[in-house]
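Survey of secondary and tertiary structure
One letter stands for each residue in the lines below.
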Amino acid sequence: MFRHMLGKTLGLLGYTIQYGCIAHCAFEYIGEFVVCSGPSMEPTIVNHDVVFSERMSRHLFKIEKGDIVIAKSPFDPQMNICKRVIGLEGDKICTSSPSDLFKTHTYVPMGHVWLEGDNLRNSTDSRNYGPIPYALIRGRVCWKVTHEFNFKKEPEGHRQGSL
Amino acid sequence: MRLKDGYHMAQQTSAGRRYVQTFISGFFVAVPVTVTILDKLAYVARVEGASMQPFLNPDAGAQSDVVLLNRWSVRNYQVQRGDIVSVVSPRNPKQKIIKRVIGLEGDFIRTLSYKNRYVRVPDGHLWIEGDHRGHSLDSNCFGPTPAEDMALVTAIR
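Bear in mind the structure is a predicted one, so any value in this text is a computation, not a measurement.

Parameters at a glance
Residues numbered from 1 in each chain as written. Chains lettered and ligands numbered in written order. Predicted model: local features only at pLDDT ≥ 70, side-chain atom pairs only at ≥ 80, totals over all residues. Heavy atoms only, no water. pLDDT = per-residue confidence, 0-100. Helix = DSSP H or I, 4+ residues; strand = E, 2+ residues; numbered from the N terminus. Pairing = 2+ DSSP bridges. Patch = residues over 30% accessible without salt bridge, like charges linked within 9 Å, V, L, I, M, F, W, Y side chains within 5 Å. Areas by Shrake-Rupley, 256 points an atom, 1.4 Å probe, with all protein chains shown as cover. Salt bridge = Lys/Arg side-chain N within 4 Å of Asp/Glu carboxyl O. Contact = heavy atoms within 4.5 Å. Buried area = accessible area lost by both parts, 1.4 Å probe. Polar contact = N/O pair within 3.5 Å; in protein donor to acceptor, adjacent residues only side chain to side chain. Core = buried A, V, L, I, M, F, W, Y, C linked by side-chain atoms within 4.5 Å. Buried < 20%, exposed > 50% of the residue type's maximum accessible area, 1.4 Å probe, protein only.

Glancing now at the confidence of the model for chain B. All names here are of chain B. Looking at chain B, pLDDT values average 87 and 94% of them are 70 or higher. Per-element mean pLDDT across chain B ranges from 83 in helix α1 (residues 2-40) up to 93 in strand β6 (residues 118-120). Across the interfaces of the predicted complex, the ipTM metric reaches 0.80, alongside a pTM of 0.81.

Shown next as structure tokens:
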């Protein structure tokens, strides 16, 4: 009886380890779903949007200018940021705002990327903390899950043909 | 005679198919488990270069040292000053560099050859230096780094 239970427990443990490892490989090398919060990527990605970020581009070094990426925050490795890649290594970035008289430029160093949010007025990004190393990028956002959960009931007076 | 041949062939086919099934199911167990162990636990690698002399690779011409890269012990990003870690190079994301942790976040560093004489290490960053001064591409060149993909290095002699 005891041996039977032990055998079953070991079998269950084996299955858990096997499926845990498969899940880890899927999340690490294929992609993962991410819930975004914050206003820095409006109107492309709004608060509470769910997006799918794929990992293959990052591992194969195929991230391009204009991609939206999920990256680890340079100040807290347990937090993630979602921004758009404005410049790759060696690119010239204009760091002055359009209203400045003198334009300042900077070059993105080797092995780094320059990120900016789409909502320029409300985003802390490379304009604040500088370019971040390429290795901090986790994945490229390739699909946004669109959901329409708020069904608004039509007000009664708008029925066609009513007097 | 015909019936016996058919039966024999059916047995061989089913044995072949069972072999393929076992191979595929074994493959789908072995590969993810191995990849997860290499990503999360530890792996072994050879060290190249002279930036950590005399601790690693003390003889230039002899065989390069082999080290154990332990990811499990730094899974919560907890390193001590003086540990030797392997991180992704901030200059080249395809390469890993092995250096010693000199300063943690919040520390004030008096630099050897950096553009500023004194540096405060920002949050989430590390100041790493090679033991062999002058022959090392480290924080004296690229400043404090966010230290991605860390692993604790212990030498295997």
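Anyway, onward from the coordinates.
The next subject is the sheet that holds strand β9 (residues 137-145) of chain A. Residues and elements named next belong to chain A. The antiparallel open sheet is built from seven strands, whose spatial order is β1-β2-β9-β3-β4-β7-β8. In this open sheet, the two edge strands, each paired with only one partner strand, are β1 (31-35) and β8 (132-133). Sheet topology places β1 next to strand β2 (residues 50-54); five bridges connect them, and they run antiparallel. Note that in β2 the partner of Val-35 across the bridge is Val-50.

The next point concerns a nonpolar patch on the surface. A cluster of nonpolar residues, Tyr19(B), Val20(B), Phe23(B), Ile24(B), Phe27(B), Phe28(B) and Val31(B), forms a patch on the protein surface that exposes about 740 Å² of accessible area. Structurally, Phe27(B) can be placed in helix α1.

In many analyses, interface size is given as the accessible surface area lost on bringing the parts together. Contacts between the two partners involve 20 residues from chain B and, on the opposite side, 20 residues from chain A. Buried area between chain B and chain A, both sides added, is near 1,800 Å², and the carbon and sulfur share of it is 70%. There are one salt bridge connecting chain B and chain A. A salt bridge links Glu148(B) to Lys72(A); the nearest nitrogen and oxygen atoms lie 3.4 Å apart. Counting across the chain B and chain A interface gives seven residue pairs in polar contact (both at pLDDT 80 or more). For the side of chain B that touches chain A, the leading source of residues is α1(B), giving eight residues.

Counting residues in each nonpolar core, the largest one holds 12 residues, listed as Val74(B), Val79(B), Val85(B), Val87(B), Ile97(B), Val101(B), Leu104(B), Leu126(B), Ile128(B), Phe142(B), Ala147(B) and Met150(B). Elements that contribute at least two residues to this core include exactly β3 (84-88) and β4 (96-103) of chain B. For Val85(B), the residues in contact, after removing those within four places along its chain, are Val79(B), Ile97(B), Ile98(B), Lys99(B), Val101(B), Met150(B), Ala151(B), Leu152(B) and Val153(B). Ile63(A), Ala71(A), Ile81(A) and Leu136(A) belong to the second largest nonpolar core, which has 11 residues in total.

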